[in-house]
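# Geometric and topological summary
One-letter residues, chain by chain:
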Amino acid sequence: MRTHYCGEVRTEDLDQRVVLNGWVDRRRDHGGVIFIDLRDRTGIIQIVSDPERTPKTYPLAESLRNEYVIQVEGRVTKRPAESLNPKLPTGTIEIYAERIEVLNPVHQQLPFQVSKTDTDGVREELRLKYRYLDLRRDRMQANLKLRHEVVKTIRRYLEDQENFLEIETPVLTRSTPEGARDFLVPSRVNPGEWFALPQSPQLFKQLLMISGYDRYYQIARCFRDEDLRADRQPEFTQLDMEMSFMSQDEIMDLNEGLMRQVFKVIRGIDLPHPIPRMTYQEAMDQYGTDRPDTRFSMKLVNVSDLFKDCGFKVFSGAIAQGGAVKVLPVPGGNAKVSNVRIKPGGDLFREASEAGARGLAYIRVRENGDLDTIGAIKENLTPEITQELLARTQAQAGDLLLFGAGATNIVNASLSRLRLVLGEELGLIDPQHSSILWVTDFPMFEWNAEEQRLEALHHPFTAPKPEDLADLKTARSQAYDLVYNGLEIGGGSVRIHQPQVQKQVFSTIGLSEAEAHNKFGFLVEAFNYGAPPHGGIAYGLDRLVMILADEESIRDTIAFPKTQQARCLLTGAPAKVDDRQLKELEVVSTYVADQESPEQGL
RNA sequence: GGGACUGUAGUUCAACUGGUUAGAGCACCGCCCUGUCACGGCGGAAGUUGCGGGUUCGAAUCCCGUCAGUCCCGCCA
């Protein structure tokens, strides 16, 4: 049916007879000669028809419209010297159409233009409704091809260089406590019982280690029933890996090799070797977040000790209650950041308050070395404090110092947000530059105030650092996250492989022995039969592709994504099902639909 | 659950502070054009301004509600 792809015909094919299939990208009708840009997934080639050289096809060529699917047969011809198109790889040649067959015309007006020559954006709502048309467009073709190349590179590397096996794990599995909300699937055969879709293949990959498949990977679909974001979909894809008999450093080294290969092959980016590391504590202290964007400086400075006894109650009170006072130095901020923006009602104030901050104090460093600030702070600035403050923040004349005071997590959250906003605004981020680093030594647990209990920060199978075993509650873990330009692209840990340590962790997070046995008994039992030390990592593939494709939403890296309301605009999923189906599953919905029309309510 | 933004022709956008018949590019339809490649020229058709209500002499514009989409918080590794 086809001899060549449109975008792959070259000068070497001159005089050859070719048969091409594709979509009409655009038609240029000059009255006496018609040009058709024929498009397939490889590119575009120019088809020509005129009444003298191709009298048979000329009338048909006139009738063609955008997005018709056609087959064209003709000879590869050199273009006239004055009509070359350097913008196209096929720009030196063209096909005189000796035969054109319309395989399918377009029956309805297109909801939007497909050709990339139409540079206007299209509403995402419309793109998602007609996703099959959107996927024909240049941008999505490029993104999905890039996604394929990423996966291909990963497979080649892990299989050919590192001897990994790809093994599939179940999608119908059991619900587990901890972590995200599960998607549930009723079992018809076992009425009243439910499968859960996996949040990740975590337990299975650990079992595979116990089974001796000491290097496993999978491009795994995962499901989490939580609210969506630009970088979060209810179903998403992980590159999931697990390996046995490897230390944390060895696992990280292997993954550095993998990521270096991916970034090199896909984008020509040479990642640093080795990839820098930072502990969780350093990251929180200096950047206020566990995924610091280190493309620019503006590090946070802790000044709690300077203000703990001062008369400014907002500062001293915060410290007295166990909180902190930290400074975000804004280079040149005096000229660029007005007081209006820092005070209530301003955008920076709002940014801070959305992170939980009650206020946003500031000091401006003037040309003559004077400090300009509100009276309540000025009164409490002794010469000693002033000197130390300027020394620690390395503030220069013209700089702005923004203060966060309160609970440490809120101070960190608000200042780290301001840091990103201002770093971008002040042009401190070089778009050519990228930053990548490992964040290590996460705490094992985090206090969940709502549930009044400790919670696994990573997940409950993460191994504590051996030197911290004495007090699990405050122990650090052998966990590591890979952070690229302030985005987490992967994370993993060395796992617990000793049953007694696993039991201690379950008890620390308040999981009763009975509960733990009920939910994870199979894993704990498996540890009794010769479990190798093991560890692994999982990457958010959609997010990794998003970064490599310079996109801002993972929806643009997924062929058929959901909207923020977790709907598929193309298929209309989710949707109601027949009562018969529900009955078969012994399922009854308790949902009471809102009044269909307002009149009924009146 | 909460906050913010958006919704005007098939589509991308415009329409001053509420004021006469809601405009333009592309697409679509017709005519013309033999070297274009975002071809060009002339003409035409195309609108429940998301939907419902309200204020007003008068609403795309103001108010309330609602639906959909996006971004964010909560939630989520």
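Everything numeric here is computed off the predicted structure, so don't read it as measured data. (Residues numbered from 1 in each chain as written. Chains lettered and ligands numbered in written order. Predicted model: local features only at pLDDT ≥ 70, side-chain atom pairs only at ≥ 80, totals over all residues. Heavy atoms only, no water.)

### Brief notes about the overall build of chain A
- Across its full length, chain A holds 20 helices and 22 strands.
- Along the three orthogonal principal directions, the C-alpha set of chain A runs to about 95 × 70 × 70 Å.
- Of all 602 residues assigned to chain A, the portion counted as buried reaches 48%. (Helix = DSSP H or I, 4+ residues; strand = E, 2+ residues; numbered from the N terminus. Buried < 20%, exposed > 50% of the residue type's maximum accessible area, 1.4 Å probe, protein only.)

### Describing the nonpolar core
- Formed by 60 residues in total, the largest nonpolar core has its most connected members in Val150, Leu158, Met241, Leu258 and Met259.
- With eight residues, helix 6 (residues 248-267) is the largest single contributor of residues to this core.
- The residues contacting Leu258, other than those within four sequence positions of it, are Ile154, Tyr157, Leu158, Leu239, Met241 and Tyr539. (Core = buried A, V, L, I, M, F, W, Y, C linked by side-chain atoms within 4.5 Å. Contact = heavy atoms within 4.5 Å.)

### A short note on the pairing of strand 10 (residues 235-244)
- Within strand 10, nine of the 10 residues are buried, leaving the element largely enclosed by the surrounding structure.
- Where strand 9 (residues 215-223) lies against strand 10, nine bridges are found, and the strand directions are antiparallel. Paired with Cys222 across the strands is Phe236, a residue of strand 10.
- Of the pairings in the sheet, the one linking strand 10 to strand 22 (residues 534-540) comprises seven bridges and is antiparallel in character. By the bridge assignment, Met243 is partnered in strand 22 with Gly535. (Pairing = 2+ DSSP bridges.)

### Observations regarding the protein's contact with RNA strand B
- Around RNA strand B, the surrounding shell holds 53 residues, and the nearest of these are Asp29, Glu52, Glu94, Tyr96 and Asp227.
- If you look at RNA strand B and keep only atoms within 4 Å of the protein, 56% of those are sugar or phosphate atoms.
- Here Gln113 contributes a side-chain N or O atom positioned 3.3 Å from a sugar or linking oxygen of RNA strand B.
- The separation between a base nitrogen of RNA strand B and a polar side-chain atom of Asp290 is 3.5 Å.
- When residues of the surface near RNA strand B are traced back to their parent elements, those giving at least two are strand 1 (17-29), strand 2 (34-40), strand 5 (93-104) and helix 2 (124-129). (Near = heavy atom within 4 Å. Polar contact = N/O pair within 3.5 Å; in protein donor to acceptor, adjacent residues only side chain to side chain.)

### Thoughts on the packing of helix 6 against helix 18 (residues 541-548)
- Direction vectors running N to C along helix 6 and helix 18 enclose 45°, while the axes themselves pass 11 Å from each other. Between helix 6 and helix 18, the angle falls in the class oblique. For helix 6 against helix 18, the interelement crossing comes out right-handed. Mapping the contact onto sequence places Met259, Val262, Phe263, Ile266 and Arg267 in helix 6 and Leu544, Ile547 and Leu548 in helix 18.
- Residues that form the contact of helix 6 with helix 18 fall into these classes: seven nonpolar, no polar and one charged. (Axes fitted to C-alpha atoms, helices over the stretch in contact; angles between N-to-C directions. Parallel < 35°, antiparallel > 145°, perpendicular 65-115°, else oblique. Left-handed = near helix turned anticlockwise from the far one by under 90°. Nonpolar A, V, L, I, M, F, W, Y, C, P; charged D, E, K, R; others polar.)

### What to know about the sheet that holds strand 13 (residues 324-330)
- Strand order in the open sheet made by the five strands is 12-13-16-14-15, with antiparallel pairing throughout. Where the open sheet ends on each side, the last strands, each with one partner, are strand 12 (301-302) and strand 15 (371-373).
- As paired strands, strand 12 and strand 13 are joined by two bridges and run antiparallel to one another. Bridge pairing in strand 13 places Val301 opposite Val327.

### Some remarks on the packing of helix 4 (residues 138-161) against helix 18
- One can describe the packing of helix 4 onto helix 18 by two numbers: an axis separation of 10 Å at closest approach and a directional angle of 115°. Crossing of helix 4 over helix 18 shows right-handed handedness. On helix 18, the residues touching Asn143, Leu146, Arg147, Val150, Val151 and Ile154 of helix 4 are Leu541, Asp542, Leu544, Val545 and Leu548.
- Tallied by class, residues from the contact of helix 4 with helix 18 come to eight nonpolar, one polar and two charged.

### Brief notes about unusual backbone geometry
- Cis geometry is found at the peptide bond from His273 to Pro274, where omega equals 0°.
- Among the secondary structure elements, Pro274 is positioned in the loop between helix 6 and strand 11 (277-279).
- Here the residue pair Ala573 and Pro574 is connected by a cis peptide bond, since its omega of -5° sits within 30 degrees of zero.
- Mapped onto the elements, Pro574 comes out in the loop between helix 18 and helix 19 (579-585).
- Backbone geometry at Ala566 places phi at a positive 60°, although glycine is not the residue there.
- Residue position: Ala566 is located in the loop between helix 18 and helix 19.
- Accessibility expressed as a relative area gives 29% for Ala566, which makes it partly exposed.

### What to know about the side chain of Thr153
- Locating Thr153 in the fold gives a position in helix 4.
- By relative accessible area, which is 9% here, Thr153 ends up buried.

### Things to note about the UniProt feature "site: Important for tRNA non-discrimination" (unreviewed entry) in chain A
- Within the UniProt annotation, "site: Important for tRNA non-discrimination" (unreviewed entry) is assigned to His30.
- Here His30 lies in the loop between strand 1 and strand 2.
- For His30, a relative accessible area of 55% corresponds to the exposed category. (UniProt positions renumbered as here; feature names shortened; annotations may be inferred.)

### Description of helix 5 (residues 202-210)
- Burial of helix 5 is extensive: seven of the nine residues sit out of reach of the surface.
- All buried positions along helix 5 are accounted for by Gln202, Leu203, Lys205, Gln206, Leu208, Met209 and Ile210.
- Those residues of helix 5 that are buried lie in contact with strand 9, strand 10, helix 17 (513-526) and strand 22.
- Phi for Gly212, located one or two positions after helix 5, is positive at around 95°.

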